[in-house]
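One letter stands for each residue in the lines below.
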Amino acid sequence: MSTQTSPLKPVHVIGGGLAGSEAAWQIASAGVPVVLHEMRRDEPSGPVRTEAHHTDGLAEMVCSNSFRSDDWQFNAVGLLHAEMRRLDSLILSAADQHQVPAGGALAVDRDGFSAEVTRRLQAHPLVTIQREEIAGLPPEDWDNVVVATGPLTSPALADAILDLSGEGQLSFFDAIAPIIHLDSIDMDVAWRQSRYDKEGPGGDAAAYINLPMNKAEYEAFVDALIAGPKAEFKDWEHVPYFDGCLPIEVMAERGRETLRHGPMKPVGLTNPRDPLVKSYAIVQLRQDNALGTLWNMVGFQTKLKHGAQAEVFRMIPGLKDAQFARLGGLHRNTFINSPRLLDRSLRMKLAPRLRFAGQMTGVEGYVESAATGLLAGRFAAADRLGQTLEAPPATTALGALVEHVTGGHIPGEIEGGKTSFQPMNINYGLLPPMEAPKTGEDGVKIPLKERGRAKKRLMSLRALADLDAWRQA
Ligand SMILES: Cc1cc2nc3c(=O)[nH]c(=O)nc-3n(C[C@H](O)[C@H](O)[C@H](O)COP(=O)(O)OP(=O)(O)OC[C@H]3O[C@@H](n4cnc5c(N)ncnc54)[C@H](O)[C@@H]3O)c2cc1C
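- Naming follows an unreviewed UniProt entry, where the protein appears as Methylenetetrahydrofolate--tRNA-(uracil-5-)-methyltransferase TrmFO of Caulobacter henricii.
- The heading Cofactor (unreviewed entry) in the UniProt record of the protein holds the text "FAD".

**Overview of the sheet that holds strand β19 (residues 351-356)**
Argument step 1. The six strands lie next to each other as β8-β2-β1-β9-β19-β18, forming an open sheet whose pairing is mixed. Of all strands in the sheet, those bounded by a partner on one side alone are β8 (127-131) and β18 (347-348).
Argument step 2. Across four bridges, strand β1 (residues 11-14) lies against strand β2 (residues 34-38) in parallel orientation. In the sheet register, Ile 14 faces β2, and the bridge partner there is His 37.

**Structural notes on the domain arrangement of the protein**
Argument step 1. Considered domain by domain, the protein is made up of domain 1 (11-170 + 335-417) and domain 2 (176-332).
Argument step 2. For domain 1 versus domain 2, the separation of C-alpha centres amounts to 32 Å.

**Notes on the pattern of salt bridges**
Argument step 1. Enumeration according to the criterion identifies 25 salt bridges in this entry.
Argument step 2. One salt bridge connects Glu 219 with Lys 215, and the closest N-O pair in it is separated by 3.6 Å. Of this pair, Glu 219 and Lys 215 both sit in helix α6 (residues 215-227), separated by four residues, roughly a single helical turn.
Argument step 3. For Asp 223, the salt bridge goes to Arg 256, with nearest N and O atoms at 2.9 Å. Of this pair, Asp 223 sits in helix α6 while Arg 256 sits in the loop between α7 (248-253) and β14 (281-287); the two residues are 33 residues apart in sequence, bridging distant segments of the chain.
Argument step 4. Assessed through its relative accessible area of 35%, Arg 256 is described here as partly exposed.
Argument step 5. When salt bridges that share partners are traced, they join Lys 215, Glu 219, Asp 223 and Arg 256 into one network.

Cut-offs and rules
- Residues numbered from 1 in each chain as written.
- Predicted model: local features only at pLDDT ≥ 70, side-chain atom pairs only at ≥ 80, totals over all residues.
- Heavy atoms only, no water.
- UniProt positions renumbered as here; feature names shortened; annotations may be inferred.
- Pairing = 2+ DSSP bridges.
- Helix = DSSP H or I, 4+ residues; strand = E, 2+ residues; numbered from the N terminus.
- Domains from an automatic or database assignment.
- Salt bridge = Lys/Arg side-chain N within 4 Å of Asp/Glu carboxyl O.
- Buried < 20%, exposed > 50% of the residue type's maximum accessible area, 1.4 Å probe, protein only.

Shown next as structure tokens:
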């Protein structure tokens, strides 16, 4: 059967990357015809590509060849792999088939992997692949569309979505501050307080976590920031910095006092353990998700290399053992303000015929992009078949991603008028927390330092059980 002979109208998927390929597969697997529109193609005048893609293969991995940890028990991305395998993921199946040795990680032969995804989609009788750019909003008679055009969405489509959404920015030079797991912050050093004890809309006057520094600590920190290795940008990433969104190390280079008068200003805050001594500088962390498990470093957008970030930021009192849910970065990106724009089935509230998937929704990473593609594909197919499909529960990694992009993040504005919503990799901080177990399944006491690991395993077991229940409902 081809899409032309099916009695059902096709769903249109725009973008044949990690998310779009998975979405198309899920739609076709549900018995619904799908047209996949991918702009990368070879023309007589030369190849058409994005700034980062080198081939016309579907699901091309633009940088690393790794889908990260495959450990479902103790690693959130490994858990996401396990959930996706249970839902017949094309991306995971092709990855498993083209795996290369990489310890506990799922790494692949990128060409073999992309060729496999392309072949499987081309061979599916319900899939039609059209090599063309959709250079604006899709035609009105496309009533069920998945937009999965990724961080390098072509400008014509990005502009059209921008107009439709009425949001201030869509494609921009993205400055990202690191995010830290609450349970890795030393609360014997830190304290909760809002500047001048100012109450927020919810009446909370202690909304921030504060980390104090004395003069010597501040001076050493500024030295380390300036000396730390910085990531280089590709040519196409040379975009001017936003005012009020400068990388922290660029601020430090502008003068040794700049940070003390900027994001690290100590005014309006009193350390309850030492109320008579004024801190020389204070780092503030702001709650990042509704569960309160993740906290972002306010004003700490950075282009320090990842290894250097962990080292330098752990110099901050209270962060000696900090675990980062994500590190900071600066790169060109395209994503929508999903918490405001999307409903729980990833549909645009203003234009419900459009669904979003992949990095555009504000998830980050190959696996997370494919995961939202998997869900968007299932939602789109269910719609076409006249069925209702709820998102998986938030206790699953898949559900937690939907929760993060459509509601879990605490909305707020950061300096420069940008929304504080930032792309996020999957991590256990996005799932509702559980108590760390004190004894194992065998009844034996678990040593204190191993309880965090045991908790992750419990959360993974809960996730897979809840996913199975959702699948069978
Ligand atoms: C430079 C760079 C490096 C990255 N490196 C990594 C990494 O190492 N590991 C990792 O996990 N994540 C990485 N990411 C982040 C992200 O995971 C990947 O970009 C991932 O591919 C996103 O999946 P996606 O499906 O949303 O977008 P993509 O995989 O980029 O797919 C989008 C597709 O849409 C097509 N398209 C765009 N506009 C149109 C249009 N108007 N009409 C038709 N087709 C269109 C594109 O050609 C592309 O094929 C990187 C991102 C960038 C920008």
